[in-house]
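# Examination of the molecular architecture
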There are 2 protein chains.
Amino acid sequence: MKKTSTVVTMADVARSAGVSTMTVSNVINGRPRVGAETRERVLAAIAELGYQVNLAARHLRAGRTGVVGLAVPELERPYFAQLAGRLADRFEAHGLRIVVERTGASRQGELDAVVFSRLRMYDGLILSVVDLDPAELTQMRTDAPVVMIGERALPSKFDHVMMDNIDGARQATAHLLATGSRRIVLLGGDPDGGASMTGLRAEGYSLAHADAGIETDPDLVVRSSFRFEDGYDAIRSLLDRKIGFDGVFALTDVVAIGAIRALADAKLRVPDDVQVVGFDDVDEARFLVPSLTSINPGHDEMADAICELLIRQLKDGPTDEPEELVVPAHLVERQTTRPHTN
Amino acid sequence: MKKTSTVVTMADVARSAGVSTMTVSNVINGRPRVGAETRERVLAAIAELGYQVNLAARHLRAGRTGVVGLAVPELERPYFAQLAGRLADRFEAHGLRIVVERTGASRQGELDAVVFSRLRMYDGLILSVVDLDPAELTQMRTDAPVVMIGERALPSKFDHVMMDNIDGARQATAHLLATGSRRIVLLGGDPDGGASMTGLRAEGYSLAHADAGIETDPDLVVRSSFRFEDGYDAIRSLLDRKIGFDGVFALTDVVAIGAIRALADAKLRVPDDVQVVGFDDVDEARFLVPSLTSINPGHDEMADAICELLIRQLKDGPTDEPEELVVPAHLVERQTTRPHTN
DNA sequence: TTGAAAGCGCTAACAT
DNA sequence: ATGTTAGCGCTTTCAA
């Protein structure tokens, strides 16, 4: 009895099987040059002792973990939770695990923490940038494979997969206009949001109005956060202030759901009195009553692209010429908007 | 120019600042015995070189990472996504990060993978057990702090925080009976589910019927998976088969949402024709139209307990006498059920 | 086919 | 207040 700790190391296995640690390592990693009988002995010892590899040690030495990090603003937002699920499926097919962590969205310090520190635990990182400006982006010096998601094109050395925020928002707004809405609330929007998701979707809202030759009313632009209650509160406040409207473009489906609840409380009918379009086409959307018209940002295409780009970096090392990909968005018409009349 | 790699190590910082690596380590970890001027030099060097600690190395040496793992069956299920958010908040207050990974629920091999291997990357693990039987549970030999979530009491050496699945389900069903439903669908249930969540909630359903002296009808027990469409499909199939019912107890809110959509398609009114109660009280529930009556499994109490138990293990080492905690559940009455008539 | 030696980057324990 | 030594558990390299 020399060891008191119950942690079993490779050396323990080696001793028990009467071989060197190298041979154990070779067996575990499926390397070829190991005798059949030796392999058996080693496997038996592993099973008997309940040995588990220490990933930290492997990572330290070999520089890989088989783990890909996914950093998102909030874990509970359906869009990101569903994205995580889709990515997990795809990476699993490549023998890689996804682990998810949150950045906290706004606080840029959070984000740095992920990129500058945690990255070292992963073979690669998928980073959903929310409120990161180009200056910070270029500061990130790292050799590790990184794929960025979201927002507008930014000068950076990272592969970057984007949804088409502007065009998606334009389609949503255009649809509301085409089906008869004239006073459309921009819910959650921030016209000064610049290259953030908020700013881009607000831009699409303006574009659609310009295309249709219809003025926008600043009173109808309501900023909010992105939880259910934020959408609810925003619409409530609009109603309390007696500001009239006949359509809502919600910047996310979650906010749209909150908005619809507020409309119901006010006895306003959807879509008869007020039409609503969301953005994200989360799984919830098609099961709501009425089901939610939304913008599908190209879920599967995005997940495919993200996975493919990261896998490529994992193989070939960091990219020299970062790829910048914009996945097309499309409207999914459901019951919170009226059919076209024309 | 000796190094070609761009990875900056502590040794690089030490050289640049003209100190030993130990001093750099002391500065980084905020240990006291460092001169003010030396600290400045070191911090300057860190900033200049863009140094980041290598967590794998720290973990290997110090045995801690500042990271707590959370393993859940599916990343996209709102209950787990929202749980992850709550836990992240709490652990953040203790200077710890949460990272989330999925086990895949059913495949026990997935689960083992987490427990036996990934665990080594974390200071502790929170494991949501879904389909794990006691035998496997006792096999897990590990010194690392582990807190289990969910399901029924199981003999194990781990701290275990449970929601009261049986009583929650009993309350849900009792409420349906008390408000006039007599033929209540058990949606997603599996009476043979044993100690799984499914089996426990089915048990509560039976209990409530027994309490009320009302027979259950096996035709009304419909198994399903836990996605929106599973709830939808299950109700559709019941309607197609002309099996009459006037209430639905859905094993999760997600399934309930799918069910309500199917009822709407069949022109059945909720709650007038069919009452619906879900389980989980996810954020979505109160914003739906009609808002969803559900069982709140004690979200905050659970998160508090989980955090507290893990933190304690982190401090004191693995528990000798594992704690087993059952958090009470309570009904949240909303619009998918009728008010009490008595 | 197998093993010995070296060292990945860091920190605990012990000098100085 | 700072430095030296040793070694965490693994894998790479090279030798047997």
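Residues numbered from 1 in each chain as written. Chains lettered and ligands numbered in written order. Predicted model: local features only at pLDDT ≥ 70, side-chain atom pairs only at ≥ 80, totals over all residues. Heavy atoms only, no water.

This next bit is on the overall build of chain A. Tallying secondary structure elements over chain A gives 12 helices and 12 strands in all. Within the span of chain A, comprising 342 residues, buried residues form 56% of the whole. When contacts within chain A are restricted to residue pairs at least 6 apart in sequence, those whose partners lie at least 24 apart make up 70%. Summed over all atoms, the accessible surface of chain A reaches about 14300 Å², with 50% contributed by carbon and sulfur. (Helix = DSSP H or I, 4+ residues; strand = E, 2+ residues; numbered from the N terminus. Buried < 20%, exposed > 50% of the residue type's maximum accessible area, 1.4 Å probe, protein only. Contact = heavy atoms within 4.5 Å. Areas by Shrake-Rupley, 256 points an atom, 1.4 Å probe, with all protein chains shown as cover.)

Residue and element names in this part refer to chain A. Between helix α1 (residues 10-17) and helix α3 (residues 36-49), whose axes approach to 9 Å, the crossing angle comes to 125°. One way to sum up the angle between α1 and α3 is to call them oblique. Between α1 and α3 lies a crossing whose hand is right-handed. For the pair α1 and α3, the contacting residues are Asp-12, Val-13, Ser-16 and Ala-17 in the first and Arg-41, Val-42, Ala-45, Ile-46, Glu-48 and Leu-49 in the second. (Axes fitted to C-alpha atoms, helices over the stretch in contact; angles between N-to-C directions. Parallel < 35°, antiparallel > 145°, perpendicular 65-115°, else oblique. Left-handed = near helix turned anticlockwise from the far one by under 90°.)

In the neighbourhood of DNA strand C, 25 residues make up the surrounding shell, with A:Arg33, A:Gly35, A:Thr38, B:Met10 and B:Tyr51 lying closest. Counting only the atoms of DNA strand C within 4 Å of the protein, the fraction contributed by sugar and phosphate is 66%. Taking A:Arg61, its side chain carries an N or O atom lying 3.1 Å from a base nitrogen of DNA strand C. Side-chain polar atom of B:Arg61 to a base oxygen of DNA strand C: 3.4 Å apart, as the coordinates give it. At the level of elements, α2 (21-28) and α4 (55-62) of chain A together with α2 (21-28) and α4 (55-62) of chain B are the ones that each hand at least two residues to the surface near DNA strand C. Examining the composition of the surface near DNA strand C, we find that 4 residues originate from one element, α4(B), more than from any other. Split by residue class, the surface near DNA strand C holds 10 nonpolar, 9 polar and 6 charged. (Near = heavy atom within 4 Å. Polar contact = N/O pair within 3.5 Å; in protein donor to acceptor, adjacent residues only side chain to side chain. Nonpolar A, V, L, I, M, F, W, Y, C, P; charged D, E, K, R; others polar.)

Attention now moves to the relation of the copies chain B and chain A. In the superposition of chain B on chain A (RMSD 0.2 Å, axial shift 0.1 Å), the rotation amounts to 180°. In the structure described here, the two chain copies are related by an operation that fits a two-fold rotation axis. A shared binding surface is used by both copies, with 100% of the interface residues of chain B retained as interface residues in chain A. (Least-squares fit on C-alpha atoms with pLDDT ≥ 70 in both.)

Residue and element names in this part refer to chain A. Strand order in the open sheet made by the 4 strands is β7-β6-β8-β9, with parallel pairing throughout. Pairing within the sheet leaves two strands with one partner each, and these edge strands are β7 (221-222) and β9 (275-277). Pairing of strand β6 (residues 184-187) with strand β8 (residues 247-250) involves 4 bridges; the strand directions are parallel. Pairing of Val-185 across the sheet is with Val-248, part of β8. Docked against the sheet, helix α9 (residues 197-212) engages β6, β7 and β8, running at close to 165° with respect to β6. Against the sheet, helix α10 (residues 228-240) makes contact with β6, β7 and β8, and its axis sits at roughly 140° relative to β6, the strand it touches most. (Pairing = 2+ DSSP bridges.)

Turning next to the protein's contact with DNA strand D. Not every one of the 24 residues close to DNA strand D is listed here, only the nearest: A:Met10, A:Tyr51, B:Gly35, B:Thr38 and B:Arg61. The share of sugar and phosphate among atoms of DNA strand D within 4 Å of the protein is 63%. Between DNA strand D and the protein, one listed contact pairs a phosphate oxygen with a side-chain N or O atom of A:Asn29 at 3.4 Å. Secondary-structure elements contributing two or more residues to the surface near DNA strand D are α2 and α4 of chain A together with α2 and α4 of chain B.

A few words on the UniProt feature "domain: HTH lacI-type" (unreviewed entry) in chain A. Cross-referencing UniProt, the feature "domain: HTH lacI-type" (unreviewed entry) maps to residues 8-62 of chain A in the present numbering. What you have in residues 8-62 of chain A is 69% helix and 0% strand, and the ends, taken at the C-alpha atoms, are 20 Å apart. (UniProt positions renumbered as here; feature names shortened; annotations may be inferred.)

It is worth spelling out the pattern of salt bridges at this point. On inspection of all chains with the given rule, the structure shows 32 salt bridges over all chains. Note that A:Asp304 is salt-bridged to A:Arg90, the shortest N-O span being 2.6 Å. Residue A:Asp304 is located in helix α12 (residues 299-316), and its partner A:Arg90 is located in helix α5 (residues 78-92); the two are separated by 214 residues in the primary sequence. For A:Asp304, a relative accessible area of 40% translates into the label partly exposed. Overall, A:Arg90 belongs to the buried group, its relative accessible area being 18%. A network of salt bridges, in which partner residues are shared, links A:Glu74, A:Arg102, B:Asp89 and B:Glu92. (Salt bridge = Lys/Arg side-chain N within 4 Å of Asp/Glu carboxyl O.)

Residues and elements named next belong to chain B. Judged by pairing direction, the sheet is parallel, and its 4 strands sit side by side in the order β7-β6-β8-β9 without closing on themselves. Lying at the two open borders of the sheet, with one neighbouring strand each, are β7 (221-222) and β9 (275-277). Note that strand β6 (residues 184-187) and β7 share 2 bridges and pair parallel. Residue Leu-186 lies in a different strand from β7, and its bridge partner there is Val-221. Packing against the sheet, helix α10 (residues 228-240) makes contact with β6, β7 and β8 (247-250), and its axis sits at approximately 140° to β6.

Right, let's get into unusual backbone geometry. Cis rather than trans, the peptide bond between A:Val270 and A:Pro271 has omega equal to 5°. For A:Pro271, the position within the fold is in the loop between α11 (253-265) and β9. The peptide bond linking A:Val289 to A:Pro290 adopts the cis configuration, its omega dihedral lying at -5°. Phi at B:Asp280 is positive, roughly 130°, even though this residue is not glycine.

Turning next to the side chain of A:Thr179. Residues and elements named next belong to chain A. Summarising the element assignment, Thr-179 is placed in the loop between α8 (165-178) and β6. Under the relative-accessibility criterion, Thr-179 is labelled buried at 3%. Looking at Thr-179, its side chain comes within polar contact range of the main-chain oxygen of His-175, at 2.7 Å. From its side chain, Thr-179 meets the backbone oxygen of Leu-176 in a polar contact 3.2 Å long. Leave out the neighbours within four places in its chain, and Thr-179 touches Gln-275, Arg-338, Pro-339 and His-340.

With that settled, the discussion passes to the packing of α4(A) against α4(B). Contact geometry for α4(A) and α4(B): axes closest at 8 Å, N-to-C directions at 130°. When the axes of α4(A) and α4(B) are compared, the pair comes out oblique. In this structure, α4(A) crosses over α4(B), and the sense of that crossing is left-handed. The residues of α4(B) that touch α4(A), namely those facing A:Ala56, A:Ala57, A:His59 and A:Leu60, are B:Ala56, B:Ala57, B:His59 and B:Leu60. Its residues assigned to classes, the contact of α4(A) with α4(B) shows 6 nonpolar, 2 polar and no charged.

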